[in-house]
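Breakdown of the fold
One letter stands for each residue in the lines below.
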Amino acid sequence: MRSILNIFFLLFIASPVFSQGTTLKGFAPDFVGQTVNLYAYQDFITHSKIKIGEGQVNAKDSTFEIKLANKSTLKGVIEIENTEADLYLSENSNYTIYFPKSKQPISYNNNKTQLYFNDLDTLDINYLVMQYHDWFDSYIAYNEIAISRGQWGAYLDTFKTYAEEAYEEIDNIYFLTYVRYDIAEMEQSIPQNRSGKGKLKTYLNYIEPFPVYFENDRYMKYILGFYDKDFIDYSPETRKKIFEGINASSPKQLMAALQNDLFLARPEIREMIMLDKLGKTFYTDPVYKDNILRILDSVITYPTFKINSAIANNVRNYVTSLENGFPAPAINLQADDEQITWAKYKGQYVYFNFFATWNDQAIAEMEVMEKLYRKYGADISFLSVCVDEKVS
């Protein structure tokens, strides 16, 4: 089942809140005393996040509370230690959640857990998204045999009609956009809609008539799937103009070259897709790395559309995160009672290594590291992270 959000009746009742803004209250008995961080996605190309709130799990009753003043619906991430969960946050709303320990194996990445909501309004975005996916899953299960016989397109059209009728009186723009582009993404999976007249039809139905919903995760997922063509996939003539623009470090020249693509007629989408493809080209054509960084710097300072400045900055940070001379990606590791971040090693050279006890090559590397430490330990700090599922 695709639903990731569930309704759960907790053992405590949230107190009424009368102030303006959004309040998130939680119960996290597995994380007593830990800091609770709340993030919002800044863009859905790099999936960069910004911190928008913080709290702490109370030692007495395992609860926490975070207040924020969002002016529109946004997709957030709540994080405690190395565990996180996604949720939607509507403006001027109150949420009470249970944040359980993850059931996933221990990893050096954050583990995902499933949130449970208490007394969630039936018109709230989280409830609507959950109900929509449960409904769709039931519809597919009921018609599974006919769909397996090649009637997917017909049944998807029928469901689309059902959805339009069912949500006719819903005025939640974020949710209606979510549903529209979730269905659009499924329509795009039909072979005849991936090119030619079929792709033009989906463009005219779903992209050309509507605003650009940068903040909607399902819209952005659809858009990035629709614009799946990389720079090298264009016709020789257009490709030549694209790389001339990159070689000249000119976003204006590159935008003009991409205008030859009918589907990139809208400049706000063209600039956004240009940034996405520049990020990919940074790795596939390393000869253009410096040119791409100059283009990104230019868009950061002089974007055609303001939102693309933040996207350009995030793309730049992403592609340079492992490049010589640029800041290392952030780390946040727990070692016994110590929280390890780069702040501990500020101004130092660090040899950073991952290993697993079941990997013979990794164990051999540890022996080499020990020799290096004895020789260079006075000048270099050594940091090793074990990625075993269980620590013995």
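The structure under discussion appears in the preceding block.
Here's what I pulled together on the structure shown here. (Residues numbered from 1 in each chain as written. Predicted model: local features only at pLDDT ≥ 70, side-chain atom pairs only at ≥ 80, totals over all residues. Heavy atoms only, no water.)

For the rest of this paragraph, the subject is the overall build of the chain. Each helix and strand counted, the chain has 11 helices and 14 strands in total. Once the C-alpha set of the chain is aligned to its principal axes, its extents read approximately 65 × 60 × 45 Å. Counting across all 392 residues of the chain, residues that qualify as buried make up 44%. A separation of at least 24 residues holds for 61% of the contacts in the chain among residues at least 6 apart in sequence. Just so you have it, the chain exposes about 22,200 Å², and 52% of that area is on carbon and sulfur atoms. In the chain, which carries 39 positive and 51 negative side-chain charges, the distance between the mean positions of the two groups comes to 5 Å. (Helix = DSSP H or I, 4+ residues; strand = E, 2+ residues; numbered from the N terminus. Buried < 20%, exposed > 50% of the residue type's maximum accessible area, 1.4 Å probe, protein only. Contact = heavy atoms within 4.5 Å. Areas by Shrake-Rupley, 256 points an atom, 1.4 Å probe, with all protein chains shown as cover. Lys, Arg positive; Asp, Glu negative; His and termini not counted. Charge placed at Lys NZ, Arg CZ, Asp CG, Glu CD.)

Another point: a nonpolar patch on the surface. Side chains of Leu200, Leu204 and Leu262 sit close together on the surface and give an oily, nonpolar patch of about 260 Å² of accessible area. In this structure, Leu204 sits in helix 4 (residues 196-206). You can call Leu204 partly exposed: its relative accessible area is 45%. (Patch = residues over 30% accessible without salt bridge, like charges linked within 9 Å, V, L, I, M, F, W, Y side chains within 5 Å. Salt bridge = Lys/Arg side-chain N within 4 Å of Asp/Glu carboxyl O.)

Here we take up the packing of helix 3 (residues 173-188) against helix 4. It is the contact of helix 3 with helix 4, at a shortest axis distance of 11 Å, that shows an interaxial angle of 175°. It follows from the interaxial angle that helix 3 and helix 4 lie roughly antiparallel. Counted together, Arg180, Tyr181, Ile183, Ala184, Glu187 and Gln188 of helix 3 and Lys199, Thr202 and Tyr206 of helix 4 form the full contact between these two elements. Counted by class, the contact of helix 3 with helix 4 contains four nonpolar, two polar and three charged residues. (Axes fitted to C-alpha atoms, helices over the stretch in contact; angles between N-to-C directions. Parallel < 35°, antiparallel > 145°, perpendicular 65-115°, else oblique. Nonpolar A, V, L, I, M, F, W, Y, C, P; charged D, E, K, R; others polar.)

In terms of nonpolar packing, the biggest core is built from 87 residues, with Ile78, Tyr227 and Ile246 touching the most fellow members. Ranked by the residues each element gives to this core, the list is headed by helix 3, at eight residues. Once you skip the residues sitting within four places of it in the chain, Tyr227 turns out to touch Tyr203, Ile207, Phe263, Leu264, Ile269, Ile273 and Lys277. With six residues, the next largest nonpolar core counts Ile331, Leu333, Ile340 and Val385 among its residues. (Core = buried A, V, L, I, M, F, W, Y, C linked by side-chain atoms within 4.5 Å.)

Turning to its location among the elements, Asp217 is positioned in helix 5 (residues 217-226). For Asp217, the side chain forms a polar contact with the side chain of Lys75, separated by 3.2 Å. (Polar contact = N/O pair within 3.5 Å; in protein donor to acceptor, adjacent residues only side chain to side chain.)

Here we take up unusual backbone geometry. In this model, His47 sits at a positive phi of 60°, which is unusual for a non-glycine residue. Notably, Ser62 is not glycine yet its phi reads approximately 65°, a positive angle. Positionally, Ser62 belongs in the loop between strand 4 (49-56) and strand 5 (63-68). Given the relative accessible area of 11%, Ser62 is considered buried.

For Thr83, the location among the structural elements is in strand 7 (residues 83-89). Residue classification places Thr83 among the buried residues on the basis of a relative accessible area of 7%. If sequence neighbours within four positions are ignored, Thr83 has contacts with Phe31, Ile78, Phe99, Pro100, Ser102, Asn110, Asn111 and Thr113.

Read these as layout, nothing more, since geometry by itself doesn't imply function.
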